[in-house]
Amino acid sequence: MEPVIKGVLSGLAYGLLLGPMFFLSLKITLTQGLRNGIALAIGAFVSDAILVLGSWYSAERIAAITKEQLFQSVFGVASGLLLLGFGIAALIPRKQTATTVDTVVAVTKLPVSALQGFLVNMSNPSNWLFWLSLATAAHAEATLENEHYTSLFLTATLIAVFSTDMAKVLILNRIGQRVKPGTTAKIVRVAGIILVCVSLWILWKVLFTT
């Protein structure tokens, strides 16, 4: 039970952080609905699962890659540009008519939302470092008596992170149902501003301070 408890606590601590994925989830859920918000969370989950498997089997090799300047620069720029695009899209006003809303929902397919979650999560260097550090810690604590320690720890963490992402989507969807349309648009614009600020900070840090 020890690795499961530690994994759940680690996943909850990381999942409850209000990072870029939260504000992107806020934008997608409030503007495109619950299903697209869930698709976004599933896309993020798939990227996390890939990082977990990579960290599980190749922790040392991934650690060497993440320390390279090229990796941090490329992924930092990619993450910054993606978030900048999503932030600007959130700031662009849309006419709040039934026709317009229906058109937006029809155009934005669920796989597109899932791909957005996957790309943003996968291009975030801090996400790589999180899973890598957990895998390293789990390997260090694993013993011959409990050979499944690492797998239990990482699996529990992965499930906890995904659960918090889903909980955020459900809460945001409930908020969207209770507030007025004008208020929803304002919330989305605030999320857009935050995404733009975060993206500019990432780009500045990668391009001018490294």
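Throughout what follows, the structure given in this document is the object of discussion.

Criteria and thresholds
Residues numbered from 1 in each chain as written. Predicted model: local features only at pLDDT ≥ 70, side-chain atom pairs only at ≥ 80, totals over all residues. Heavy atoms only, no water. Helix = DSSP H or I, 4+ residues; strand = E, 2+ residues; numbered from the N terminus. Buried < 20%, exposed > 50% of the residue type's maximum accessible area, 1.4 Å probe, protein only. Areas by Shrake-Rupley, 256 points an atom, 1.4 Å probe, with all protein chains shown as cover. Expected span 1.5 Å × (residues − 1). Contact = heavy atoms within 4.5 Å. Core = buried A, V, L, I, M, F, W, Y, C linked by side-chain atoms within 4.5 Å. Axes fitted to C-alpha atoms, helices over the stretch in contact; angles between N-to-C directions. Left-handed = near helix turned anticlockwise from the far one by under 90°. Nonpolar A, V, L, I, M, F, W, Y, C, P; charged D, E, K, R; others polar. Lys, Arg positive; Asp, Glu negative; His and termini not counted. Salt bridge = Lys/Arg side-chain N within 4 Å of Asp/Glu carboxyl O. Polar contact = N/O pair within 3.5 Å; in protein donor to acceptor, adjacent residues only side chain to side chain. Patch = residues over 30% accessible without salt bridge, like charges linked within 9 Å, V, L, I, M, F, W, Y side chains within 5 Å. 1 Å grid on protein atoms, 1.4 Å probe; cavity = no way out; pocket = protein on both sides within 12 Å on 5 of 7 lines; lining within 4 Å. Points joined across faces, edges and corners; volume = space filled by probe spheres on them. Phe/Tyr/Trp six-rings, centres within 6.5 Å; stacked < 30°, edge-to-face > 60°. Parallel < 35°, antiparallel > 145°, perpendicular 65-115°, else oblique.

Next up on the list: the overall build of the protein chain. Counting secondary structure elements, the protein chain contains nine helices and zero strands. In the protein chain, the succession of helices and strands from N to C terminus is α-α-α-α-α-α-α-α-α. Going through the 210 residues of the protein chain one by one, you find that 42% of them count as buried. Surface accessibility of the protein chain: about 11,500 Å² in total, with carbon and sulfur atoms responsible for 71%.

Taking 1.5 Å of rise per residue, the 14 residues of helix H1 (residues 2-15) would be expected to cover 20 Å, and the 20 Å separating its terminal C-alpha atoms lies within 8% of that figure. Looking at the buried side of H1, the elements it contacts are helix H8 (149-178).

Right, let's get into the nonpolar core. Membership of the largest hydrophobic core comes to 19 residues, with the highest contact counts inside it found for Met 21, Leu 24, Leu 26 and Val 120. Broken down by secondary-structure element, the contributors of at least two residues to this core are helix H2 (20-32), helix H3 (34-66), helix H4 (69-91) and helix H9 (181-208). Considering every element that reaches this core, the biggest residue donor is H2, with seven residues.

Attention shifts here to the packing of H1 against H8. Where H1 contacts H8, the two axes come as close as 7 Å, and the packing angle between them is 35 degrees. Considering only the axes of H1 and H8, their crossing is right-handed. Touching Glu 2, Pro 3, Val 4, Lys 6, Gly 7, Val 8, Ser 10, Gly 11, Leu 12, Tyr 14 and Gly 15 of H1 are Tyr 149, Leu 152, Phe 153, Ala 156, Thr 157, Ala 160, Val 161, Thr 164 and Lys 168, all from H8. Tallied by class, residues from the contact of H1 with H8 come to eleven nonpolar, six polar and three charged.

Before going further, it helps to examine the side chain of Asp 48. With respect to the helices and strands, Asp 48 occurs in helix H3. The buried charged residue Asp 48 lacks any salt bridge, with Lys 168 as its nearest oppositely charged partner at 9.9 Å. A distance of 2.8 Å separates polar atoms of two side chains, one belonging to Asp 48 and the other to Asn 121. When sequence neighbours within four positions are dropped, the list of residues in contact with Asp 48 reads Asn 121, Asn 127, Trp 131, Leu 158 and Val 161.

Together, Met 1, Ile 5 and Leu 9 give the surface a local cluster of nonpolar side chains, amounting to about 360 Å² of exposed area. You can see Leu 9 is positioned in helix H1. According to the relative accessible area criterion, Leu 9 is exposed, its value standing at 54%.

Looking now at empty space enclosed by the protein. On inspection of all chains with the given rule, the structure shows one cavity of 30 Å³ or more. In this structure, the largest cavity spans a volume of roughly 60 Å³. As for the largest cavity, its lining consists of Met 21, Phe 22, Ser 25, Leu 40, Ala 41, Asp 165, Lys 168 and Val 169. Sorting the residues of the lining of the largest cavity by element identifies H2, H3 and H8 as the ones contributing at least two each. Of the residues contributing to the lining of the largest cavity, the split by class is five nonpolar, one polar and two charged.

Once that is clear, we can look at the environment of Gly 11. By the secondary structure assignment, Gly 11 is in helix H1. In this structure, the C-alpha to C-alpha distance between Gly 11 and Phe 153, residues 142 residues apart in sequence, is 9.8 Å.

This part takes up the packing of aromatic side chains. Following the criterion strictly, the structure yields four aromatic pairs and no others. On the numbers, 4.7 Å between centres and 50 degrees between planes, the contact of Phe 45 with Phe 162 is tilted. Remark: Phe 162 occurs in helix H8 and Phe 45 occurs in helix H3; sequence separation between them is 117 residues. Taken together through their ring pairs, the aromatic side chains of Tyr 14, Phe 130 and Trp 131 make up a single cluster.

A separate point is the packing of helix H7 (residues 125-141) against H8. Viewed as axis vectors pointing N to C, H7 and H8 meet at an angle of 150 degrees, and their least axial separation amounts to 8 Å. By the angle class used here, H7 and H8 are roughly antiparallel. Along this stretch, H7 crosses H8, giving a crossing that reads as right-handed. Residues Phe 130, Trp 131, Leu 134, Ala 135, Ala 138, His 139 and Glu 141 of H7 form the contact with H8, whose participating residues are Tyr 149, Thr 150, Phe 153, Leu 154, Thr 157, Leu 158 and Val 161. Its residues placed into classes, the contact of H7 with H8 shows ten nonpolar, three polar and one charged.

The analysis is restricted to geometry; functional conclusions fall outside its scope.
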